[in-house]
Amino acid sequence: MISVKLPDGSAMELAEGATVLDLAQEIGPGLAKAALAGVVNGREVDLAAPLDDGDEVRLLTWRDPEGVEVYRHSSAHLMAQAIKRLWPKAQLAIGPPIEDGFYYDIDLDTAISAEDLPRIEEEMRRIVEEDIAVRRLDLSREEAIALFRERGEGYKIELIQDMPEDEALSAYEQGEFVDLCRGPHLPSTGRVAAFKLIAVAGAYWRGDSSRKMLQRIYGTSFPDRKELKRHLQLLEEAKRRDHRRLGKELDLFSFHEEGPGFPFFHPKGQVIFNEMLEYMRERLREWNYVEIQTPLILNEALWHRSGHWDNYRENMYFTEIDEAPYAVKPMNCPGCLVWFREGLHSYRELPLRVAEFGKVHRHELSGVLHGLFRVRMFTQDDAHIFCTPDQLEDEIVGMIEMIQRVLGDFGFDDVRIELSTKPEKAIGAQEIWDRAEAALAAALGRLGIDFQLNPGDGAFYGPKIDFHIRDCLRRSWQCSTIQVDFSMPERFDLEYVGPDGQRHRPVMIHRAIYGSLERFIGILIEHTAGNLPTWLAPEQVRVLPITDTVRGWAETVRDHLAAAGVRVDVDLSDETIKKKIRAAELQKIPFMLIVGGKEAESGQVAVRRHGAGDQGAVPLDEFIAQIREEIRTRAREPQTV
RNA sequence: GCCCGCGUAGCUCAGUCGGUAGAGCACCUGCAUGGUAAGCAGGUGGUCAGCAGUUCAAAUCUGCUCGCGGGCUCCA
């Protein structure tokens, strides 16, 4: 008999030579069925792995992130096996699990198209039905190379040759299929219950654009059909909420051949943009910022000095004025610095918080453009803070509070925060880095904020804090960022006069909250499915007269609302009330005011709330008071009037 | 930029084997004055993304260009 330790601290007696699966069975048949793999003494292993006396064992199921990975990884193998059956000449590259699924990169001279996916799925189902046992092969380096050479898998040989000499190698075999793999894997192909192939795409071998382009097939898998179906519905929902589609349907913005990647904001989209600016300017006043505006085009010499020429040239647009070279700004900071250097600054001015809604142009590769999410011109709600090293921590605290306030006001409550520290290649003295990193961490600590540490992930010029918001579809977006910068103050020789009368170098912080207004609008549209809160809605109220005879009252209602600062329109078309309502609902207008004879006589409006239906009639004044309050407080959720 | 796919009316899409373009919605006009998600009828609207080629004939076949979509890389 042997004894193994379980995560809850208890021990379990097992027969000599028992496996992880035996242990699961011993605990209960339900667990044995749910178990996907195990962790023994901190190492992930197959269910078939034998246990030794004293081992610490944990079982992995779908509830463990590692379990999900094993499941998806085995799904990738399943797909690869099917592809090899259909196209024996296909060479396998890599096939890892990813968030929400898996992919496999293959090299094949015939192109696989989306129409081929059902065929591959069919073959996968066949392999699942065959329920082929999956076997682990522990190999020496030579054995592994010989095996994959024999099988003509050149990419696998390259992978092996790039691994450290002493690396233990293993492969997994299921029937005629063998793949180089660290594992662990599900015990048999029959364990993959529900899967779906999603897309085909191109991907470079090892992500290197100078290497060969491979064919990547994306899929996903789940332990049962219901969960798969739910996931596919989520994908459908995402498509329905796509901001590019809603932007067109709601007439917010557009893109044109005349300027790929350069968004055109329509009158309705511009309303959202302006509301966001106004909202942010209120916050700037609250947090004691000043606002400036610097030119879009500046002399190239500035960009040499800032380092953008050396580090960012590929993404910049250049032009010429009076035979001198100029560049279109890809960032706002150098312009801000030109201003800062104009005069002499006293320590009494610090911290100096300078905001700029700056339009920046960046040359992005044509293939990466994507609606408002990835454009070539966008507006940053940028700010640069000049302070002393001593003020750093307080400044960071203030910024974090400001960012949380803003994100919360827009309905993003699920915010993940990451702190990235000094990378290998960095400028500035170690002590100043230590001090800045400590200030960032201390600020987060003071606010009691949980954060993820990304060692070595900072910018070369300083450490940073990034904010990732999660939308209602559980997708994560990086918007807000706080970056400490040691580079710019040096390059531009920034100074302030201290209490000692000597000149000192200030610390500079870059920060953005929306990040890009354009992108934030895109995220907001998808997060709300186009149902913007009233304060942001381009058209807040539409008055719908039932007949021509009440046209006069409808126009009076319109005029009163407009006078109260509400964005309102009246539908005077020759249509039935049903159709006017339908049109207004499709435009996702928060309030419809239906007026007929009854309302005209009593000075009332019949309120219909978008998505919520008839709310009953109220006197016009009462409605105006309520909607003004909803707008003034920037209420996130629809308030029933 | 690279790989794969796509581009027909303002929008969503049909168009067979190559024979010269169609629907619904929207818009305009008329009728209907309608009480909470599409009233009826008629009408306008197209260089079939662009250029070139093959052909008696090209939306359809071929090539190139532009744009879009899905990815790769990078980031706001």
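Not measured: the values here are computed from a predicted model.

Novice: Whenever I open this one, the nonpolar core confuses me. Can you help?
Specialist: If you look at the biggest cluster of nonpolar residues, it comprises 60 residues, and the most contacted ones within it are Phe 410 and Ile 465. Sort the elements by how many residues they give to this core and helix α13 (residues 392–409) lands first, with 9 residues. Excluding its chain neighbours within four sequence positions, the residues that come into contact with Phe 410 are Met 276, Tyr 279, Tyr 514, Phe 520, Leu 524, His 527, Trp 535 and Leu 536. The next biggest cluster of nonpolar side chains, apart from the first, holds 32 residues, and it includes Ala 82, Ala 90, Phe 102 and Phe 195.

Novice: Explain the side chain of Glu 275 to me, please; I cannot follow it from the model alone.
Specialist: Within the secondary structure, Glu 275 sits in helix α9 (residues 267–286). Apart from residues lying up to four places away in sequence, Glu 275 is in contact with Trp 535, Leu 536 and Arg 567.

Novice: Looking at this structure, how should I read the state of the cysteines?
Specialist: Two cysteines, two sulfur atoms, one covalent bond between them: this is a disulfide. All told, the structure shown has 0 disulfides when counted by the stated rule. With no disulfide of its own, Cys 336 lies closest to Cys 333 among cysteine sulfurs, the gap being 8.1 Å. With no disulfide of its own, Cys 387 has Cys 336 as its nearest cysteine by sulfur position, at a separation of 13 Å.

Novice: Where do I start with the sheet that holds strand β23 (residues 452–454) in this structure?
Specialist: Two orientations exist for strands paired in a sheet by backbone hydrogen bonds: parallel and antiparallel. Judged by pairing direction, the sheet is mixed, and its 8 strands sit side by side in the order β16-β20-β21-β28-β25-β24-β22-β23 without closing on themselves. Taken across any chain shown, the strands that pair with only one partner, and hence form the sheet edges, are β16 (290–291) and β23. Bridge analysis of strand β24 (residues 464–470) against strand β25 (residues 476–485) gives 6 bridges, and the strand direction is antiparallel. When the sheet's bridge partners are listed, His 468 is paired in β25 with Gln 478. Contacting β16, β20 (352–361), β21 (377–387) and β28 (507–516), α9 crosses the sheet at an angle of about 160° to β20. Against the sheet, helix α16 (residues 517–528) engages β20, β21, β24, β25 and β28, with an angle of about 40° to β28.

Novice: Teacher, can you tell me more about the protein's contact with RNA strand B here?
Specialist: Near RNA strand B, the surroundings consist of 48 residues, among which Tyr 204, Arg 374, Ile 546, Asp 548 and Arg 582 are the closest. Those atoms of RNA strand B that come within 4 Å of the protein belong to sugar or phosphate at a rate of 44%. Within the side chain of Glu 364, one N or O atom sits 3.1 Å away from a base nitrogen of RNA strand B. Among the elements of the structure, β12 (194–204), β13 (213–222), α8 (243–249), β25, α18 (577–586), α19 (597–602) and β32 (604–609) are those that each provide at least two residues to the surface near RNA strand B. Considering each element in turn, the surface near RNA strand B owes the most residues, 7 residues, to α18. In the surface near RNA strand B, the residues fall into 19 nonpolar, 11 polar and 18 charged.

Novice: Is there a simple way to explain the packing of α9 against α13 in this structure?
Specialist: Each pair of packed helices gets described by two things: the angle between the helix axes and the distance between those axes. Closest axis-to-axis distance for the α9/α13 pair is 11 Å, and the angle between their directions is 155°. On the basis of the axis angle, α9 is roughly antiparallel to α13. Helix-helix and strand crossings are classified by hand; for α9 and α13 the assignment is right-handed. For the pair α9 and α13, contact is made by Tyr 279, Met 280, Arg 283, Leu 284 and Glu 286 and by Met 402, Arg 405, Val 406 and Asp 409, respectively.

Novice: Help me understand the pairing of strand β18 (residues 317–321) in this model?
Specialist: Note on strand geometry: in a regular strand, side chains alternate between the two faces of the sheet. Here 5 bridges tie β18 to strand β19 (residues 324–328), and the two strands are oriented antiparallel to one another. Bridged to Ile 321 within β19 is Ala 324. Linking β18 back to β19 in an antiparallel pair, the connection comprises 2 residues, with Asp 322 at a positive phi of about 50°.

Novice: Even after reading the chapter, I still don't get the packing of α9 against α16, so can you show me in this structure?
Specialist: Their axes nearest at 11 Å, the elements α9 and α16 cross at an angle of 110°. Taken together, α9 and α16 sit at an angle that is classed as roughly perpendicular. The crossing of α9 and α16 is right-handed. Across the interface between the two elements, Ile 272, Phe 273, Met 276 and Leu 277 of α9 pack against Leu 517, Glu 518, Phe 520 and Ile 521 of α16. Considering only residue class, the contact of α9 with α16 consists of 7 nonpolar, no polar and 1 charged.

Novice: It is not clear to me how the environment of Asp 413 should be interpreted in this structure. Could you clarify?
Specialist: Mapped onto the elements of the fold, Asp 413 is located in the loop between α13 and β22 (415–420). Here Asp 413 falls in the exposed class, since its relative accessible area comes to 56%. With 251 residues separating them in the primary sequence, Asp 413 and Asp 162 have C-alpha atoms 44 Å apart. In this structure Asp 413 touches Gly 408 and Arg 636, once residues within four positions along its chain are discounted.

Novice: Would you take a moment to explain the sheet that holds strand β9 (residues 134–139) for this structure?
Specialist: Here 3 strands make up an open sheet; going across it, the order is β9-β10-β11 and the pairing antiparallel. Each edge of the open sheet is held by one strand with a lone partner, namely β9 and β11 (177–180). Mean inter-strand twist for the sheet, computed between neighbouring axes without regard to direction, equals 25°. As judged from the 4 bridges shared by strand β10 (residues 169–174) and β11, these two strands associate in the antiparallel manner. Paired with Gln 174 across the bridge in β11 is Phe 177.

Novice: What is the right way to look at the domain arrangement of chain A in this model?
Specialist: Interface size is often expressed as the accessible area that is lost when the parts come together. With domains assigned, chain A is organised as domain 1 (2–61), domain 2 (71–233), domain 3 (253–294 + 331–528) and domain 4 (541–632). For domain 1 and domain 2, the distance between their C-alpha centroids amounts to 27 Å. The interface of domain 1 with domain 2 comprises 9 residues on the first partner and 8 residues on the second. Of the roughly 610 Å² buried at the junction of domain 1 and domain 2 (both faces included), carbon and sulfur atoms supply 53%. On the surface where domain 1 and domain 2 come into contact, there are 0 salt bridges. Between the two partners, domain 1 and domain 2, sit 4 residue pairs in polar contact (both at pLDDT 80 or more).

Parameters at a glance
- Residues numbered from 1 in each chain as written.
- Chains lettered and ligands numbered in written order.
- Predicted model: local features only at pLDDT ≥ 70, side-chain atom pairs only at ≥ 80, totals over all residues.
- Heavy atoms only, no water.
- Core = buried A, V, L, I, M, F, W, Y, C linked by side-chain atoms within 4.5 Å.
- Buried < 20%, exposed > 50% of the residue type's maximum accessible area, 1.4 Å probe, protein only.
- Helix = DSSP H or I, 4+ residues; strand = E, 2+ residues; numbered from the N terminus.
- Contact = heavy atoms within 4.5 Å.
- Disulfide = S-S within 2.5 Å.
- Pairing = 2+ DSSP bridges.
- Axes fitted to C-alpha atoms, helices over the stretch in contact; angles between N-to-C directions.
- Near = heavy atom within 4 Å.
- Polar contact = N/O pair within 3.5 Å; in protein donor to acceptor, adjacent residues only side chain to side chain.
- Nonpolar A, V, L, I, M, F, W, Y, C, P; charged D, E, K, R; others polar.
- Parallel < 35°, antiparallel > 145°, perpendicular 65-115°, else oblique.
- Left-handed = near helix turned anticlockwise from the far one by under 90°.
- Domains from an automatic or database assignment.
- Buried area = accessible area lost by both parts, 1.4 Å probe.
- Salt bridge = Lys/Arg side-chain N within 4 Å of Asp/Glu carboxyl O.

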